[in-house]
Protein chains: 2
Amino acid sequence: MEPKVISRAVVERLPRYYRYLGELMENKAERVSSGELSEMMHITASQIRQDLNHFGGFGQQGYGYNVEYLYNEIGKILGLNQVHRMIIIGAGHLGQAIANYGNFERRGFRVVGMFDQREELAGTLSPTGVPIYHMDTLEDFVAGHPVSIAVLAIPKAAAVEVARKLVACGVRAFWNFAHTDLDVPPDVVVENVHLSESLMRLSYNMNMNKE
Amino acid sequence: MEPKVISRAVVERLPRYYRYLGELMENKAERVSSGELSEMMHITASQIRQDLNHFGGFGQQGYGYNVEYLYNEIGKILGLNQVHRMIIIGAGHLGQAIANYGNFERRGFRVVGMFDQREELAGTLSPTGVPIYHMDTLEDFVAGHPVSIAVLAIPKAAAVEVARKLVACGVRAFWNFAHTDLDVPPDVVVENVHLSESLMRLSYNMNMNKE
C-alpha cells in the first residue's frame, strides 16, 4: 500500500489510534466497531470513520474493523515497519530516560549509541546496555554507522551546533528536546518536544479553568 | 487585564512567542517589529500581527512592539505570574530530568516534592535539593501542603490509579508523561506529553520526506 499524504490533523491522531489498537490486541480483541473506539477514545464515531476512511476500506458496516489489520496498516503509514537506528546526544537524566524506554525498541527505534561530553561516562554502558561515547567521536561514529534519527537531549546552546554538524554528516531526522528551534535544510525532518511550552499550555488551561 | 478566551491555535503559539521575546530581553532589545519577529520565528508578519492583536494594542505602526511589555502580558495570560507548587510522581530518570530543569523554577513552577515507591530513595534529596518521599505518604503530603500541579513520570499501569487518588485529594492539574489517557472529572486539567506519539510523528514525516 502506497502511503498517501494525509492532513496534519489526521496524522496527529494516528499514533493515538495505534496505541488503542495495540491495547486491543494485547487484550486479544479481533474486531472493534467505530462505536467502541469512540467510547474508548472520546472521539465521535463519525470522526473515527472519517479518519480511518483515509486508509481505504478497513471497516465493514455492522461488522467493525479488523484490529490487527488496522494496527499493522497504521503502523506502516507511521513508518513503524522499519528499523530506525537512533543516537542520543546527552547522557543526562533525559537522555537516559529515553534510552530506557522499552516501547521505542519494540517499535523499531533502536538506540545504537549515546554521546556525552563528560570524560567519565565515555566507555560505559547505560542501564539498558547502550554504549556511551565521548562527544568528540560523534562525527567519526556517524561516518561509520548508519544513523537515521538523532535525539537532542542537551541544552539549547549546544544543540544548534551539534545539529549543524550532524546535518553535515548526513543525518536527516532530529527528535529535538532542546528548548530552541533548529535551523535545518528543508529535506531534514525535526520533531520538537518543547517541555516548557507544554507546561505553559497546562498553566494557561489552569488559568482559564478558574474563570 | 482580564484573560480572554483565545482560539486553541493561538494559545499553542503563545509559549513560542514568549520564548523568543525572552531571548530578545536577554539581548537587551527594547522593541521588535512584526517583520523582525517574522524572520526569527518563520511565521508571516501578518500572522504575527493577527496573533498579537488578541491582546489589545501592544504594537504601534512603524514603531514595533515593546518587548518587555509584550513578554509580561503574554506571561500573565499563560499564568506565569503566579507560583505553581508542583509534585513529581516517579523519581526515575524522567522525574529527575524534570526536577533538574532550572527554567521551570524561574517561571514560577516550584517542585516541592518527589514521590517514588523505592524504599531506598525515601528521605534522600534530588541533585537540585528536592526531597524524595515514599509513595505511601503521597496522600498525607497533599493533605498538608498546597499542590497545584502533579507531574506523572511513572508507567501507565500506575498512573491511572495515582491520578485517581490525587484527584480525590483535590489536585486539579496533571502534567502526564505516562503513555495513557487519564480519566478525570471535567474541572481537572490534563496536559499530556506522549513521547511515543511524538516519535511516531517524526517517523511518519521521515517516510513522507522520502517520497
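Please read these numbers as outputs of a predicted model, since none were measured by experiment.

**Here we look at the domain arrangement of chain A**
Taken as a whole, chain A is organised into domain 1 (8-77) and domain 2 (84-197). Here the C-alpha centroids of domain 1 of chain A and domain 2 of chain A sit 32 Å apart.

**Re the nonpolar core**
Core analysis: the biggest nonpolar cluster contains 104 residues, and Ile-74, Ile-149 and Trp-175 of chain A together with Ile-74, Ile-149 and Trp-175 of chain B have the highest contact counts within it. Not counting the four nearest positions on each side in its chain, Ile-149 of chain B is found in contact with Leu-199, Leu-202 and Met-206 of chain A together with His-84, Arg-85, Met-86, Ile-87, Phe-109, Ala-173 and Trp-175 of chain B. Met-135, Phe-141, Ala-150 and Ala-159 of chain A belong to the second-largest nonpolar core, a separate cluster that totals 22 residues.

**Re the packing of helix α1 (residues 8-26) of chain A against helix α2 (residues 34-41) of chain A**
A pair of packed helices is characterised by two quantities: the angle between their axes and the separation of those axes. Residue and element names in this part refer to chain A. It is at 11 Å that the axes of α1 and α2 come closest, and there the two elements cross at 105 degrees. As judged from the angle between their axes, α1 and α2 are roughly perpendicular. Along the contact surface, α1 presents Arg-16, Tyr-17, Tyr-20 and Leu-24, while α2 presents Leu-37, Met-40 and Met-41.

**A word on the pairing of strand β4 (residues 84-89) of chain A**
Residues and elements named next belong to chain A. Among the six residues of β4, five are classified as buried, and the element is accordingly described as predominantly covered. One ladder, built from six bridges, connects β4 with strand β5 (residues 109-116); its direction is parallel. The residue of β5 that forms the bridge with Arg-85 is Arg-110. Pairing geometry for β4 and strand β7 (residues 149-152), over four bridges, is parallel. Paired with Ile-87 across the two strands is Ala-150, which belongs to β7.

**With respect to helix α2 (residues 34-41) of chain B**
Residues and elements named next belong to chain B. Taken together, the buried positions of α2 are Ser-34, Leu-37, Ser-38 and Met-41. Viewed along the axis of α2, the buried residues span an arc of 105 degrees, placing them on a single side of the element. Contacts made by the buried residues of α2 are with α1 (8-26), β1 (31-32), α3 (45-53) and β3 (64-66). Residue His-42 follows α2 closely and has a positive phi angle near 55 degrees.

**Some points on the relation of the copies chain B and chain A**
Copy one and copy two of the chain differ by a rotation about an axis and a translation along that axis. After a rotation of 180 degrees and a shift along the axis of 0.0 Å, chain B superposes on chain A with an RMSD of 0.0 Å. Here the two chains are linked by the operation of a two-fold rotation axis. Measuring from the rotation axis to each C-alpha of chain B, the shortest distance belongs to His-93 of chain B, at 2.3 Å. When the interface residues of chain B are mapped onto chain A, 100% of them are again interface residues, pointing to one common binding face.

Thresholds, definitions, all that
Residues numbered from 1 in each chain as written. Chains lettered and ligands numbered in written order. Predicted model: local features only at pLDDT ≥ 70, side-chain atom pairs only at ≥ 80, totals over all residues. Heavy atoms only, no water. Domains from an automatic or database assignment. Core = buried A, V, L, I, M, F, W, Y, C linked by side-chain atoms within 4.5 Å. Buried < 20%, exposed > 50% of the residue type's maximum accessible area, 1.4 Å probe, protein only. Contact = heavy atoms within 4.5 Å. Axes fitted to C-alpha atoms, helices over the stretch in contact; angles between N-to-C directions. Helix = DSSP H or I, 4+ residues; strand = E, 2+ residues; numbered from the N terminus. Parallel < 35°, antiparallel > 145°, perpendicular 65-115°, else oblique. Pairing = 2+ DSSP bridges. Arc of directions from axis to C-beta. Least-squares fit on C-alpha atoms with pLDDT ≥ 70 in both.

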